[in-house]
Structure formats: structure tokens, C-alpha cells
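# Summary of structural features
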Amino acid sequence: MRLLFLAVLRPHTGNAVTAQRVRDHLEAAGHVCVLKDAFDFDSPSEIAELIQAEGLEAALALHLYRGGRLLQGHGIPFGIIFGGTDLNEDVNHGEKNQVMGKVLEEARFAVAFTESMKETARLQWPHAKGKIYVQSQGITTVPNATFNWNTFLQRAGIERSADDLHVFLLICGLRRVKDPLYLVDAFAEWHQEEPNVYMVIVGPEVDPVFTREVKAKVKRTAGVRLIPEMPQGDLHAAVKNCFALVNSSVSEGMSAAILEAMDLEVPVLARNIPGNAAVVKHEVTGLLFSDPQEFVRLAKRLVSDPALEKEVVANGSEYVRTCHSWRVERDTYQHLVRTLEGSPGTYGRLPGAIRRTALGE
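Summary of the structure given here. (Residues numbered from 1 in each chain as written. Predicted model: local features only at pLDDT ≥ 70, side-chain atom pairs only at ≥ 80, totals over all residues. Heavy atoms only, no water.)

## Some words on the side chain of Asp-37
On the secondary structure map, Asp-37 appears in strand β2 (residues 32–37). Overall, the relative accessible area of 16% leaves Asp-37 in the buried class. A polar atom in the side chain of Asp-37 sits 3.4 Å from the backbone nitrogen of Leu-9. Beyond its immediate stretch of four places on either side in the chain, Asp-37 contacts Ala-7, Val-8, Leu-9 and Arg-10. (Helix = DSSP H or I, 4+ residues; strand = E, 2+ residues; numbered from the N terminus. Buried < 20%, exposed > 50% of the residue type's maximum accessible area, 1.4 Å probe, protein only. Polar contact = N/O pair within 3.5 Å; in protein donor to acceptor, adjacent residues only side chain to side chain. Contact = heavy atoms within 4.5 Å.)

In C-alpha cells form, the structure reads like this:
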């Protein structure tokens, strides 16, 4: 089939990485997948023109509101992948909620990354219960073998020896929902006590106004650094070299950065929100904090307790290996896309485990 795939494609963001990975899965099955940025289109009429010009037969959207609303009414079957903010934020806006409900009525399937995301969608739109599937993100990491950690530290303005450092890496696009400033003041106080601890924020400048706020805050804060986005291979190598990966988001669907850190055998400290708690089990696969002070207490404990570090790293690595298989994800999407061929209601085409997840068996 010739498929249209709509997603938000800001470089090096979680949605963009997920979209590219799913596109690869579909193309490996022989489909032609035309991946487009949803923000490049203002109305469904522009999508209609694209469908006609490209001879597209079916579609997929990552994000129920941003992408899904553009796919209605074109006469081609489509599926949805929930993004995160669609279920965590847009659902609370009446008009957006109504639009998303109508999109789900027309969609042949919808994919949630976690059971909690599926439950949120089911409660909001009971009519869609039978078409919502759960498929965790598939994870694969490829650190750049030529990456130089000392060069990275110099670029971040950290002059201390790498042997005497504990670098906490926070990877996110600079926008408010990621809340990169949440821990800054508390971390700065800790840095005053222990000058060998640093927090480095890495990510693209998504929101220009907020980016200026972040830059200004970091510039006057000791122990915290900010560097621009990096190619994925370099980013994976940086994670592998850091002491711990940090996530301080207000909202997450499923953080690829957390899962990649686990895969790279690096401990994770994550804010205790539903999306993070779905993948980080406290003191088992990582550590969850509810406020900046608790983050510092847990980070200090991780630094001083090598046995805890070793345990959460081993558990996290095993969790990703067993629950976030790239091959299982590929199989799921290749099977789900087959339901876009022919008439609706072709559940028999799906593997049994995926079918049971959707139907609540």
C-alpha cells in the first residue's frame, strides 16, 4: 500500500524518532510510507490534495489531535498512535476532546504505548474500546563509537576531570511541558556542596520564548549547563558516559530517552508522573521523585550506593530487553496496518495477543 504518515517531526524529539522507526517497520513490509510533518498542513483540504497527488491508499497519524484531525473525511482508512499530550493535555480542552472522539470513530485502530494510556482513552471515548491496542515503544540504541566524552564536557563548559565527575543528563526539547528548569535551583544548591556534580540539559529549541527563559536561568546557575541538540548516535554515546539520565517532564506518553538509558545500562531518575511510572518501577528499574528535594536525596543516594546503582541498571536493562523489543513492535505495526486493507472489522488478521489486548479479553 501507499501510506500517508502524519506526525510532528521536530528534529531529535521523541515523536520524530518514533515516527521514523514506525515508518521503517512499514517499509520493511513492502509499503510505501510518505512521512509528513502535521504542522506543515493547515486544513484537511491540503491533505486531500496530497492524497490525490500521491495516490495514497491509507494513512496513519502519530498524535490523535495534531495528526488525526487532518485525516477525517477523505474516504481512505487510517489508524492512530497516541502521542502523549493528546491524552494528557488536549483531552482536557472541550473542543479538542470532541474532535479527537470523532477521529477515533473513523479510525480503524489506535495504539497506546501503555495500559494507563489505553485506560485514559477508553474512559474518555467508550465507543473506541474495541479498537485500542497497547504496544510499548521498541528500543534500539547505537552509540557513536567515535564520540569523545571529554570534548562533550568541554563543549558544556565543564573543566573538571571526567574521572571526578557525576554528570546527570536531562534530554528534552525546550518547551514547558518538559519542565527542564524544575530541578535547577535544587541542583545548584547540591553543586555548591559537591562541585563535582553537574546537570547538563540537551535538546532542541522548540519554544523560542521559553528557550530564552531557560538560557537566562542556566547562565546564572552554578552546576547546570545547556547544550544544543545532538545527532542520535552522539546522544546515545553521551548517555552511556553520563552517571544518570534525568526526566523532569510534567507530561509524558512514554519517554524514549528513559528506555534508551536503560538499554545503555545507565540509571534513571524520573519525575513521578503516570507516563514515567509506567516504565520506571521505583528502586527496581530506576528511581522516581515527586519534588526537587526528593530528587536530590535520591541522586545523593545513587552516588553513594554502588549496589543500588548496579541493581537498577541490571533490572532496567532486562526490562527493556523483555518489554520493549524492537522486533515485537515491528510485528505489531505490520499486522495492524493490514487492517487498513479491505473492509473494516478484520480482527482475524491480527496476532492473538494483540487482538486480546484490544478487545479486553
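Moving on, there is more to tell.
## A look at the sheet that holds strand β1 (residues 2–7)
One open sheet accounts for six strands, arranged β2-β1-β3-β4-β5-β6; its pairing is parallel. Looking along the sheet, the strands with just one partner apiece sit at the ends: β2 and β6 (132–134). Taking each pair of neighbouring strands and ignoring which way they run, the sheet shows an average axis angle of 20 degrees. Each of β5 (109–112) and β6 touches helix α5 (residues 115–124); the most contacted strand, β6, lies at about 165 degrees to it. Across the sheet, helix α14 (residues 326–338) lies against β1, β4 (78–81), β5 and β6, angled at about 165 degrees from β5, the strand it touches most. (Pairing = 2+ DSSP bridges. Axes fitted to C-alpha atoms, helices over the stretch in contact; angles between N-to-C directions.)

## Focus on the pairing of strand β8 (residues 197–202)
In terms of burial, β8 is a largely internal element, six of the six residues being buried. Here β8 shows no split at all, with Val-197, Met-199 and Ile-201 on one side and Tyr-198, Val-200 and Val-202 on the other all buried. Both strand β7 (residues 166–171) and β8 contribute to a ladder of six bridges, which runs parallel. When the bridges of β8 are listed, Leu-170 appears paired with Ile-201. Between the parallel elements β7 and β8, the chain passes through helix α7 (residues 184–193) in a crossover that is right-handed. Taken together, β8, helix α8 (residues 208–219) and strand β9 (residues 224–227) constitute a β-α-β crossover, and its handedness is right-handed. (Right-handed = clockwise from strand over helix to strand, strands pointing away.)

## Some points on unusual backbone geometry
Phi is positive for His-63, which is not a glycine, with a value near 110 degrees. With respect to the secondary-structure elements, His-63 resides in the loop between β3 (58–62) and β4. Exposure remark for His-63: the relative accessible area of 0% places this residue in the buried category. Even without a glycine there, the phi angle at Glu-283 is positive, about 65 degrees. Within the secondary structure, Glu-283 is located in the loop between α11 (274–277) and β12 (287–289). Accessibility expressed as a relative area gives 33% for Glu-283, which makes it partly exposed.

## Observations regarding empty space enclosed by the protein
Tallying each qualifying case throughout the model produces one cavity of 30 Å³ or more. Taken as a whole, the largest cavity encloses approximately 30 Å³ of empty space. Lining the largest cavity we find Ile-171, Leu-235, His-236, Val-239, Ala-257, Glu-260, Ala-261 and Leu-264. Listed by contribution, the elements that provide at least two residues to the lining of the largest cavity are α9 (232–241) and α10 (256–263). Class assignment of the residues belonging to the lining of the largest cavity gives a composition of six nonpolar, one polar and one charged. (1 Å grid on protein atoms, 1.4 Å probe; cavity = no way out; pocket = protein on both sides within 12 Å on 5 of 7 lines; lining within 4 Å. Points joined across faces, edges and corners; volume = space filled by probe spheres on them. Nonpolar A, V, L, I, M, F, W, Y, C, P; charged D, E, K, R; others polar.)

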